[in-house]
Amino acid sequence: MTYGLPLEWIVAVRFLYEGRLQTLFIVVGISIGVAVIVFMSAMLAGLENNILKRVLTTQAQIQVIAPDQVARALRGKGEDMEDATVQRPSQRVALIDQWQSLVRSLRAEPGITFVSPTTTGSALAVRGEASRSITLIGVEPETYFHIVKIPDYVVAGDARLTSESILVGVELAKDLGVRVGDKINVTAASGDQRVLTMTGLLDFGNKGANQRSTYVALRTAQSVMGMIGGVTSLDINLYDIYAAEVMAQSIMASHRVVAESWIKTNAQFFSAIQAQKATNTLIRLFVGLSVAFGIAAVLVVSVIQRSKEIGILRAMGTTRGQIIRLFLLQGGLLGFAGSMVGAALGAGGLFYWHSVARQSDGSELFPLMLELQLFVYTAILATLTGLLAAMAPALRAAKLDPVVAIRG
Amino acid sequence: MADHLLRLEQISKVYNAGEPSQTEVLHGIDLVLDEGEFVAIMGPSGSGKSTLLNIIGLLDRPTSGRLLIGGKDTGLLDDAALTRLRGESIGFVFQYHHLISAFTALENVMMPMVVERGFPDRQCEARARHLVERVGLAKVADHLATNMSGGQQQRIALARALVMTPRILLADEPTGNLDTQSADDVFALMREVNTKSRTCFIIVTHNKTMAERCDRIIEVVDGRIHEP
């Protein structure tokens, strides 16, 4: 016996050691449960992260635009309507009113990390005989590049934006036959022309984007499209991506603008993530329950097997409280040991699956995300489950009448 | 008048009181025992010997009557105080030794001290080792309880019962499960402790020869005491 170690610890560990086959089986059972939870949680977190990354690295979490123009029915004298049908007006490119003060006010909001003004419009890129319609996106690199990481998509040249430069997608560059350093003639719908130098080649991994998206400095876009000083949208990123919809609603409530969150514009994808999270929670719950019942079953059997020994301990002066703690400890120790082995198994399984599960292009199916937090939470949860599961057997043991227990 | 070590006044025990299966096991038992006594309790099966022993050992409470240990009325103590008094004053030896199989002989002997202190220390081990030597089992001190013969286990059980230096030692058929030689050894050991430490021994037995070697024989018949 180790000097100074409390009686309950000594007896709990010895009981578990003596019934080692039983202990081994239940620890293996708990480990499998914990491994499933660790594996599932880490893999789903990785998948979710991966998908989110794909969605949110090419778009802002919230986009603020000017409200649509609305035609109102013309009213005659009194409340009579002159026209029964109202046709929706065609929407010209709308600029955001007083955008500078709106940007200042949004930047002061807690929860918002970046606000970037953008001017977007259609234009024609012409070079020699070739001409292609493009989306000209004018941005402030110092803020916009924090929202959409354009430099990450640069495959040639760099992402530096001067008033004369333009960044072009690989498909468009191929169609126009341009390379970094070449000139491109950009013509706006109004007929205004500007010759820009291609300084960077971008590959978004998406053919549509590579064909149409071009990036220029904000002032360049404003001048080409005749929107001097105006912006068509404000791109916003947040600390908590899942707070986007609430924040968008709050922006709309306090300003005369339309704010669209990524949650709304990707509703299907968002509900898929939510469904995946709910499934994961259910799996955790049921695995947790089966682990709890497993521990409880083993300890109930142990109480029955050891009733004489419990009776002797009680006859020697062990209190009911000590007997309760003795069994709670066994439950807690089983849960803890199972969580340690299970976490290792889960992590091992995840490494293996990560190495064999590949996408069709050979890239990883999900990023390997093993956070210490997950292991700590799982260990705490499994230990608590063990303690709770041991409650009923512990109370049963404490209620044993020593006389009846000893007599058997 | 000095207090007696143990005093039973009109002790009765009724099981399932108020139900059709009501059974009165002990009927108004009066008994006085003092330090250093070596008493045998005899009687046929079902006569109430074990119930009497459980009540004296504070493992069970009487339905009526008073039990005084060292002048202290145990009926006035709550469960926790009773458990403490049991741990301090009373040692038990059972027919089937009931050693805890997960522990070695030495650790089993240490156990009552560990229970009292809450944790083991050097003193517990020294005292237990001394008692294991005293019962002649120093060689098997570190063997698991399950790896010893019946006689050895019963001697270890006796050492365990003595480790807290109890004033009363209750033995329920301590040699009932042993061969003659082992039974003699255990009995001799109890006698030696009784003489040297003045511990009061109360031994329940069916063995007439053994009972006759005790100082006093109390017979329990149908829940009543007869002293020859």
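**Quick notes on the overall build of chain A**
Counting its secondary structure elements, chain A contains 15 helices and 10 strands. A total of 408 residues make up chain A; the buried ones form 38% of that total. Within chain A, residue pairs in contact and separated by at least 24 positions form 79% of the contacts whose partners lie at least 6 positions apart.

**Things to note about the sheet that holds strand β3 (residues 38–42) of chain B**
Adjacent strands of a sheet pair through backbone hydrogen bonds, lying either parallel or antiparallel. All names here are of chain B. One open sheet accounts for 6 strands, arranged β6-β7-β8-β3-β9-β10; its pairing is mixed. The open sheet is flanked by β6 (90–93) and β10 (224–226), the only strands paired with a single partner. Going across the sheet, the axis of each strand differs from the next one's by a mean of 20°, ignoring polarity. The pairing of strand β7 (residues 168–172) with strand β8 (residues 200–204) spans 5 bridges and is parallel. Each residue of the ladder has a partner; that of Leu 170, found in β8, is Ile 202. Along the sheet face, helix α5 (residues 150–162) touches β6 and β7 and points at about 170° away from the line of β6.

**Some words on the interface of chain B and chain A**
Listed by partner, the interface residues are 27 residues for chain B and 21 residues for chain A. Taken together, the elements giving at least two residues each to the side of chain B that touches chain A come down to α2 (79–89) and α3 (105–117) of chain B. The greatest single-element share of the side of chain B that touches chain A, amounting to 7 residues, is contributed by α3 of chain B. Across the side of chain B that touches chain A, the residue classes break down as 14 nonpolar, 6 polar and 7 charged.

**As for the sheet that holds strand β4 (residues 64–69) of chain B**
All names here are of chain B. Taking strand neighbours across the sheet as the criterion, the 4 strands line up as β2-β1-β4-β5 in an open arrangement whose pairing is antiparallel. At either end of the open sheet lies a strand with only one pairing partner, and these are β2 (23–33) and β5 (72–73). Pairing between strand β1 (residues 6–15) and β4: 5 bridges, direction antiparallel. Bridge assignment links Arg 7 to a residue of β4, and that residue is Leu 68.

**Remarks on the pairing of strand β9 (residues 233–238) of chain A**
All names here are of chain A. The buried fraction of β9 is high, at 6 of 6 residues. Judged by which residues are buried, β9 turns out to be covered on both faces: Ser 233, Asp 235 and Asn 237 on one side and Leu 234, Ile 236 and Leu 238 on the other are all buried. Judged from the 4 bridges that link them, strand β1 (residues 62–65) and β9 form a sheet pairing that is antiparallel. If you follow Val 64 over to β9, its bridge partner there is Leu 234.

**Regarding helix α14 (residues 372–399) of chain A**
Helix length check: α14 of chain A, at 28 residues, gives a terminal C-alpha distance of 41 Å against a target of 40 Å (1.5 Å per residue), a fit within 8%. Approximately 40° is the largest bend angle found in α14 of chain A, and it occurs at Met 391 of chain A, with the proline Pro 393 of chain A only one to four residues beyond.

Thresholds applied
- Residues numbered from 1 in each chain as written.
- Chains lettered and ligands numbered in written order.
- Predicted model: local features only at pLDDT ≥ 70, side-chain atom pairs only at ≥ 80, totals over all residues.
- Helix = DSSP H or I, 4+ residues; strand = E, 2+ residues; numbered from the N terminus.
- Buried ≥ 20, exposed ≤ 12 C-beta atoms within 10 Å, placed from the backbone.
- Contact = placed C-beta atoms within 7 Å.
- Pairing = 2+ DSSP bridges.
- Axes fitted to C-alpha atoms, helices over the stretch in contact; angles between N-to-C directions.
- Nonpolar A, V, L, I, M, F, W, Y, C, P; charged D, E, K, R; others polar.
- Expected span 1.5 Å × (residues − 1).
- Bend = angle between axes of the 7 residues up to and from the residue.

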